[in-house]
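Examination of the molecular architecture
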Number of protein chains: 2
Amino acid sequence: MGSDDYFALVFIYVARMITTIGKRNVGVVINLEEEKKDKGKEALATLLDLVSDDLDKVNQTILLKMQSPVALIPQLAGHLIASGGKRLRPMLTLAASRLCGYEGDRHIQLATCVEFIHSATLLHDDVVDKSDLRRGEDTANAIWGNKASVLVGDFLFSRSFELMVEDGSLEVLRILSSASSVIAEGEVLQLVTANDTDTTEHAYMEVICAKTAALFAAACEIGGVIAERPKSECEALMSYGKNLGIIFQLIDDVLDYSAEQKTLGKSVGDDFQEGKITLPIVLAFRRGTDEERAFWRRTMEDLDQKEGDLDHAIELMEKYNALSDTIERARHYGQVARDALAIFPDTEYRKALTGIVDFCINRAY
Amino acid sequence: MGSDDYFALVFIYVARMITTIGKRNVGVVINLEEEKKDKGKEALATLLDLVSDDLDKVNQTILLKMQSPVALIPQLAGHLIASGGKRLRPMLTLAASRLCGYEGDRHIQLATCVEFIHSATLLHDDVVDKSDLRRGEDTANAIWGNKASVLVGDFLFSRSFELMVEDGSLEVLRILSSASSVIAEGEVLQLVTANDTDTTEHAYMEVICAKTAALFAAACEIGGVIAERPKSECEALMSYGKNLGIIFQLIDDVLDYSAEQKTLGKSVGDDFQEGKITLPIVLAFRRGTDEERAFWRRTMEDLDQKEGDLDHAIELMEKYNALSDTIERARHYGQVARDALAIFPDTEYRKALTGIVDFCINRAY
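Note that this is a predicted model, so its numbers are computed, not measured.

What follows is about the overall build of chain A. Scanning chain A for helices and strands turns up 18 helices and zero strands. Per-residue burial over chain A gives 55% buried out of 365 residues. In chain A, 75% of the contacts between residues at least 6 apart in sequence involve partners at least 24 apart. If you sum the accessible surface of chain A, you get close to 15,800 Å²; carbon and sulfur atoms cover 51% of it.

What follows deals with unusual backbone geometry. Residue and element names in this part refer to chain B. Backbone geometry at R87 places phi at a positive 55°, although glycine is not the residue there. Mapping R87 onto the fold places it in the loop between α3 (72–81) and α4 (88–99). With relative accessibility at 13%, the residue R87 sits in the buried group.

On to the interface of chain B and chain A, then. If you look at the interface, chain B gives 43 residues, while chain A gives 43 residues. Together, the buried faces of chain B and chain A total about 3,900 Å²; carbon and sulfur atoms form 70% of this surface. A per-residue breakdown of the area chain B buries against chain A is headed by K147, L151 and E185 of chain B, which together make up 15% of the total. Scanning the region where chain B abuts chain A turns up zero salt bridges. When its residues are assigned to classes, the side of chain B that touches chain A shows 22 nonpolar, ten polar and eleven charged.

Once that is clear, we can look at the packing of aromatic side chains. Residue and element names in this part refer to chain A. Overall, the coordinates contain eight aromatic pairs over all chains when judged by the stated rule. With 5.4 Å between their ring centres and 85° between their planes, F157 and F161 make a pair best called edge-to-face. Of this pair, F157 and F161 both sit in helix α8 (residues 146–167), four residues apart, which is roughly one turn of the helix. Across the pair, F161 and F157 agree in class, each one buried.

Looking now at the pattern of salt bridges. Evaluation of the coordinates by the stated rule reveals 36 salt bridges over all chains. Residues R331 of chain A and E328 of chain A are paired through a salt bridge, measuring 3.1 Å at the closest nitrogen-oxygen approach. One end of the pair, R331 of chain A, and the other, E328 of chain A, are both in helix α17 (residues 322–341), three residues apart, so they sit about a helical turn from each other. On the basis of relative accessible area, R331 of chain A is assigned to the partly exposed category, the value being 28%. On the basis of relative accessible area, E328 of chain A is assigned to the partly exposed category, the value being 44%. Put simply, R229 of chain B and E233 of chain B hold a salt bridge, and the shortest N to O gap is 2.8 Å. Overall, E233 of chain B belongs to the buried group, its relative accessible area being 14%. The network of salt bridges with common partners includes K39, R338 and D358 of chain A.

All right, on to the packing of helix α5 (residues 106–125) of chain B against helix α8 (residues 146–167) of chain B then. Residue and element names in this part refer to chain B. At a minimum axis separation of 8 Å, α5 and α8 run at an interaxial angle of 160°. It follows that α5 is roughly antiparallel to α8 by the angle criterion. Seen from above, α5 lies across α8 with left-handed handedness. Residue composition of the contact of α5 with α8, by class: twelve nonpolar, seven polar and five charged.

Residue and element names in this part refer to chain B. Note that T93 resides in helix α4. Taking the relative accessible area as the measure of exposure, T93 reaches 1% and is therefore buried. Apart from residues lying up to four places away in sequence, T93 is in contact with H107, A111, V114, A219, I222 and G223.

Here we take up the side chain of D253 of chain B. All names here are of chain B. Residue placement: D253 occurs in helix α11 (residues 231–255). Buried and unpaired, D253 has K276 as its nearest opposite-charge partner, separated by 5.1 Å. A polar contact of 2.5 Å, which involves the side chain of D253, links it to the side chain of Y204. Beyond its immediate sequence surroundings of up to four residues, D253 is in contact with Y204, D271, T278 and P280.

Turning our attention to the packing of helix α5 (residues 106–125) of chain A against helix α10 (residues 201–226) of chain A. Residues and elements named next belong to chain A. The N-to-C vectors of α5 and α10 enclose an angle of 165°; their axes lie 11 Å apart at closest approach. Classified by the interaxial angle, the pair formed by α5 and α10 is roughly antiparallel. You can see that α5 and α10 cross each other, and the crossing is right-handed. For the pair α5 and α10, contact is made by R106, H107, L110, V114, I117 and H118 and by L215, A219, I222 and I226, respectively. Residue composition of the contact of α5 with α10, by class: seven nonpolar, two polar and one charged.

Taking 1.5 Å per residue, 25 residues should reach 36 Å; helix α11 (residues 231–255) of chain A reaches 36 Å between its end C-alpha atoms and fits that length. Along α11 of chain A, 18 of the 25 residues are buried, which leaves the element largely enclosed by surrounding structure.

With that out of the way, let us pick up a negative patch on the surface. All names here are of chain B. A grouping of D196, D198, E301, D302 and D304 is seen on the molecular surface, where their side chains present a negatively charged patch. By the element assignment, D304 lies in the loop between α15 (290–301) and α16 (309–319). Residue D304 is classed as partly exposed on the basis of its relative accessible area, which comes to 42%.

Before going further, it helps to examine the environment of M205 of chain A. Residue and element names in this part refer to chain A. Along the chain, the position of M205 falls in helix α10. For M205, a relative accessible area of 12% puts it in the buried group. Separated by 16 residues in the primary sequence, M205 and E221 place their C-alpha atoms 21 Å from one another. In this view, M205 contacts I246 and Y333; residues no more than four positions away in its chain are not counted.

On to the nonpolar core. Among the nonpolar cores identified, the biggest contains 228 residues, and Y240 and W296 of chain A together with Y240 and W296 of chain B are the most heavily contacted of them. Setting aside anything within four residues of it in sequence, one finds W296 of chain A in contact with T197, F272, I281, A284, F285, E301, A313, L316 and M317 of chain A.

Looking now at the relation of the copies chain B and chain A. Superposition of chain B onto chain A requires a rotation of 180° combined with a translation of 0.0 Å along the rotation axis, giving an RMSD of 0.0 Å. Interpreted geometrically, this transformation is the action of a two-fold axis. Interface overlap between copies is the fraction of interface residues in one copy that are interface residues in the other; for chain B against chain A it reaches 100%, indicating a shared surface.

This part takes up the confidence of the model for chain A. Residue and element names in this part refer to chain A. Per-chain confidence: chain A averages 87 in pLDDT, with 85% of residues scoring 70 or above. In the model of chain A, helix α1 (residues 3–19) stands out as the element of lowest mean pLDDT, 38, in contrast to helix α4 (residues 88–99), which has the highest, 98. Low confidence marks residues 1–30, where pLDDT is under 50. Its contacts with residues over four positions away, or in another chain, come to 15 contacts. Both confidence scores are given for the complex: pTM 0.87, ipTM 0.86.

An α-helical turn contains 3.6 residues, so a residue and the one three or four places further along point in the same direction. All names here are of chain A. In this model helix α15 (residues 290–301) runs 15 Å from its N-terminal to its C-terminal C-alpha over twelve residues, within 8% of the 16 Å that 1.5 Å per residue would give. Turning to α15, its buried residues are E292, F295, W296, T299 and M300. End-on, the buried residues of α15 take up no more than an arc of 105°, which puts them together on one face. Opposite the buried face of α15, by more than 90 degrees, sit the exposed residues D290 and E291.

Calculation rules
- Residues numbered from 1 in each chain as written.
- Chains lettered and ligands numbered in written order.
- Predicted model: local features only at pLDDT ≥ 70, side-chain atom pairs only at ≥ 80, totals over all residues.
- Heavy atoms only, no water.
- Helix = DSSP H or I, 4+ residues; strand = E, 2+ residues; numbered from the N terminus.
- Buried < 20%, exposed > 50% of the residue type's maximum accessible area, 1.4 Å probe, protein only.
- Contact = heavy atoms within 4.5 Å.
- Areas by Shrake-Rupley, 256 points an atom, 1.4 Å probe, with all protein chains shown as cover.
- Buried area = accessible area lost by both parts, 1.4 Å probe.
- Salt bridge = Lys/Arg side-chain N within 4 Å of Asp/Glu carboxyl O.
- Nonpolar A, V, L, I, M, F, W, Y, C, P; charged D, E, K, R; others polar.
- Phe/Tyr/Trp six-rings, centres within 6.5 Å; stacked < 30°, edge-to-face > 60°.
- Axes fitted to C-alpha atoms, helices over the stretch in contact; angles between N-to-C directions.
- Parallel < 35°, antiparallel > 145°, perpendicular 65-115°, else oblique.
- Left-handed = near helix turned anticlockwise from the far one by under 90°.
- Lys, Arg positive; Asp, Glu negative; His and termini not counted.
- Polar contact = N/O pair within 3.5 Å; in protein donor to acceptor, adjacent residues only side chain to side chain.
- Expected span 1.5 Å × (residues − 1).
- Patch = residues over 30% accessible without salt bridge, like charges linked within 9 Å, V, L, I, M, F, W, Y side chains within 5 Å.
- Charge placed at Lys NZ, Arg CZ, Asp CG, Glu CD.
- Core = buried A, V, L, I, M, F, W, Y, C linked by side-chain atoms within 4.5 Å.
- Least-squares fit on C-alpha atoms with pLDDT ≥ 70 in both.
- pLDDT = per-residue confidence, 0-100.
- Arc of directions from axis to C-beta.

Encoded structure:
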C-alpha cells in the first residue's frame, strides 16, 4: 500500500468515525469492514471481468428466448429480468465451465436456463394471499396481478426446459429438473414452517439448502458436466455451489436487518414484518429470556407488531450476537466452499470463484 | 335391440316427456339425446376397460411419485389428483401407445407425467387476485391459499420433468416441454384477452388450442414416439389429440351454460360470472343487436351483473343458436380427429379412441 492509499484510508476512517458517532455498534471496526466490503466488490468485479463476453451473450440469449407472440410475456419477464439482478447464478455456470477448460458455447444457453429458473421462482414468490394484501404487494405482482406472475413464471420455467432439451444432455436435464423439484419442496417447507418460533436451526438449514442452495449447486455442477470432467470434479463444483448458496442466503437474511440494505434500495425489516423465521431470529429466540420469547411469539407468530418492535428486535439480536453469529456460520460454509475448489488448478477462474465466497460473505458489512 | 330394451327405451322416453314438460327447448328430441349421451358413455367405458390394468398402474405411480418428506405436497396434490378426474389425458397416452403396438411399460410413467402437468396447471388456475376474492375462491386455494397452490403446482411440474428425464427420451422431453410452454402462453393470452367482447372466434381458437389442445396432442403423440412409429403416425396421433382437445374445450364451454353441469356437480354460469369470453359468447355477441351487445358489454366487460342476467344470457344464446352452433363446430373437429386415426389398423384401440370423440361431443347433451 502506497502512502497515498494509506492517507486515503485514514481519511475515510476519520470521516466514518465522525459520521457514525452516536450510532450503535459501529465504532472503530468500520475501517476494517470497509476494507472487507471492498475486497468483496473487487472479487465480483474480477469475476465479471473474466466472464464479461460470455455474460453479454447470456443477456442477448435471455432477451431472445423470452420472446413470445403474447406481448405480456416479454413485458413482464423483461421487467423482472432487466431490473438489474447481478446474474450471479448464470455467472457461476459460465465460470465453472471455463474453470473446467470448456471451450464450446453450450454454457451460454445453459446459463440462460439457470437464470430463467431463478426468475420463475422470483415471480412465483411474488404471489400473495388475501392476508398478505393487507401488507401491500410486491413489484411485478402489484402491476400485473397474481395470475400473470404465476403464468409468466410457468412460461419461463417451461422455456428453460425447452432450451435444455435443445442442448440435449440428459445429465444436465437430470441435474436441473431435480434442482427444480428440490426448490419447490423447499418453498413449500418454508411455507408450512412460516411464523413458527419453534423452528430449529436444522429446519432452517433444510429450507435454505433446498430453496436457494440447490440452484447454486446445479448452476456450478453443469459447468463440469458439459466440460466432460470426471465425477469427482463435478461433485466438487456442486459442493462449492451448494455452500456458496447457503452463504448467500444466510447473508441475505442478515442484510434484512442491516442498514446496508438501504444502500441496496431495499427496505429494512421486510422479513420481520412477514414473520419470516430466519437464522438471526432462531438464535435470538433460543438464547432469549421467557419475556423476550414472548416478544418474538407476539411479533413473529401473531404478527401483532407495533412501532418500535423492529428496533427492539434488532436490539435483541445484537444482545445475543444473532447477526454476527449468523455471519460466523456463513464463514464456516465459506471455508468448505473454498476447499471444494482446491482440487482444481490454481487458474484465474479458480481465484475468481474463490473470491466470490468473500463477496457473498462481505455483503454483510 | 330386444323387445325388453325397446320397452325400457319407450318407458324412459315417456318418463322424460313427463318430467320435462314446461322446461325450455327439451321436448321430443330428449330420447335421441339420451341415446347420444349413452353412446358417449359407452365409448368412455370401452376405453376404460381396454386400459384398466395400465390405468391402475398409473394411479399407483401417481401416488408414489407425488410423495415428498414435505407432507403438504402429497396432501394438497392428493386432494386434487384423487378428487376423481376422469384421467382422460393419461388414458390417451396409454391407448395411443397400445394402438401403436407398444408392449413395454414406459407409457405408465409418461402417462403419469401428463397427469402431473395437467394437475399443475389446474393448481395454478386456482390462483386468484384481490378482485377475484370478491367472487369467492376455488377449492384447493380456499383451503391452503394461493402460495401453496403455486408451489405444489411447481413441484408437480418439476417432478414431471424428473420422471421424463428418468425415461430418457429427448424426443418425449421435447414434445412435453414444448407443450408446457405453449400451455403457459395460452393461459397468458387468455388472461390478456379476458373480459373483451371484441374477442374474435380466431382469437378464442388460438387460446383453446394452446391452453387445452396442446397437452391432449402431446399426450397422444408420445404414445407413437415410444412405440418408435414413423413420423407420419406420430403426427396423426398429434392431430387426433389436438382436435380432441379442441372439442373437449368447446364442449366444456357449452356445458358451463347447460343444466347438465348440475349433474356433474358443477354450478352453471361460472364462466358468465367471471366474464370469460368463450365461443358461445363470441357468437351471441356478434349475431346480436346493438342493445344486446350493450348487455354483453355490461355483464362481461364491466362485470356489472344482476339477478336474471344469466337467464337472459342463456336466452340470447338460444335465440342465436350460439350453444348448438358451438357444438356444430365441435363436430367438425370431431370429423378431423376421426380421419387422423384412419391410417391405423382398425383395432379395438382405434375403435375406442374414435369412440372418445363421440364421448367428448356428447357430453354436451
